[in-house]
Amino acid sequence: MIVEKDETMPVRNAEDIVRVRREVRTHAVGAGFSLVDQTKIVTAASEIARNTVDYGGGGTLHLSTVRLGARRGVRLIFSDQGPGIADLKLALTDGYTTGSGLGLGLSGAKRLSSEFDVKSTPGEGTVVTIVRWK
Amino acid sequence: MEQIPILKIGDCLLVSIQVDMHDRLALALQDDLTAKIVESRARGVMIDISALEVVDSFIGRMLNNIAAMSRVLDAVTVVVGMQPAVAITLVELGLALTGVKTALNVDKGLALIRRLIDGEEDGLDRREG
């Protein structure tokens, strides 16, 4: 996977979530995504960014435009040093939440992505990686 | 502080969301609208989201909440102008927006609100999507 464009940004508060949406949109447009695909990756980014703020106590987003052969895509790596996720399988279940939301963040973002990976260590933090290919 | 304007037209309230809302602004709109429904005795609420390029689960929940609260306050809510890409994404996200009535545009939204209010006054249930 070749990284064509790369940046890191803070994900600490509600304003950062708006900035994440804007920057992910810019990368998706640059990678030549259709409007529907742009909307899907921006929405997935918004869900994970909110998890990072609400459950991870804030963190960072490593955002890249990537290329694999002729395919271009957008990759997002959200990391936090929060409490981590005790039961990943449960956290990925539609409607499950430990907060006040709808419990669609992780499961919904997974459906909106081409590739999805969560690594979490209780007490150390969580890294969510998503890629959407054009 | 930023605020989303709420316009009163007859017995309806009209909100047109023109900015990418951060979460607190969305919550403030929910509270403002609820207060305004009571204060103005509105029977209908129309929320225009044609300028919204993203509706995530947080905004979706806000729309659901507004519809539920206005129902309790004897008003009907219609969401208008959802972009096709947003609709496709919402379904894939798993957000059904049950309980939120939608219409294609402001004209159709107003007509739907009229029908819903008149239907209730006739004692008939003529709810339709």
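Read on for a plain summary of the structure. (Residues numbered from 1 in each chain as written. Chains lettered and ligands numbered in written order. Predicted model: local features only at pLDDT ≥ 70, side-chain atom pairs only at ≥ 80, totals over all residues.)

1. What about the overall build of chain B?
In terms of regular secondary structure, chain B is built from 4 helices and 5 strands. N-terminal to C-terminal, the α/β element order of chain B is β-β-α-β-α-β-α-β-α. Taking 14 Å as the expected radius of gyration for a compact globule of 129 residues, we find that chain B reaches 14 Å, a close match to that expectation. A buried classification covers 34% of the 129 residues belonging to chain B. Considering only intrachain contacts with a sequence separation of at least 6, the fraction spanning at least 24 residues in chain B is 74%. (Helix = DSSP H or I, 4+ residues; strand = E, 2+ residues; numbered from the N terminus. Rg over C-alpha atoms; globule rule 2.2 N^0.38 Å. Buried ≥ 20, exposed ≤ 12 C-beta atoms within 10 Å, placed from the backbone. Contact = placed C-beta atoms within 7 Å.)

2. Some remarks on the pairing of strand β2 (residues 12–16) of chain B
Residue and element names in this part refer to chain B. Pairing between strand β1 (residues 6–9) and β2: 4 bridges, direction antiparallel. Note on β2: the bridge partner recorded for K8 is L13. With antiparallel pairing between neighbouring strands as the criterion, β1 and β2 make up a hairpin whose turn holds 2 residues, including G10 at a positive phi of roughly 60°. As paired elements, β2 and strand β3 (residues 44–48) share 5 bridges and run parallel to each other. In the strand pairing of β3, S16 is matched with D48. In the classification by handedness, the crossover that spans β2, the intervening helix α1 (residues 23–40) and the parallel β3 is right-handed. (Pairing = 2+ DSSP bridges. Right-handed = clockwise from strand over helix to strand, strands pointing away.)

3. Concerning the sheet that holds strand β5 (residues 125–133) of chain A
Residues and elements named next belong to chain A. Spatial strand order, β1-β2-β3-β5-β4: 5 strands in an open sheet with antiparallel pairing. Looking at strand neighbours, the two that pair on one side only are β1 (2–11) and β4 (115–121), the edges of this open sheet. Shown here is a sheet whose adjacent strand axes are inclined to one another by a mean of 10°, direction ignored. In terms of strand pairing, strand β3 (residues 71–80) meets β5 through 8 bridges, oriented antiparallel. Residue pairing in the sheet places G73 in a bridge with W133 of β5. On the sheet, helix α1 (residues 14–30) packs against β1, β2 (59–68) and β3 and is oriented at approximately 170° with respect to β1. (Axes fitted to C-alpha atoms, helices over the stretch in contact; angles between N-to-C directions.)

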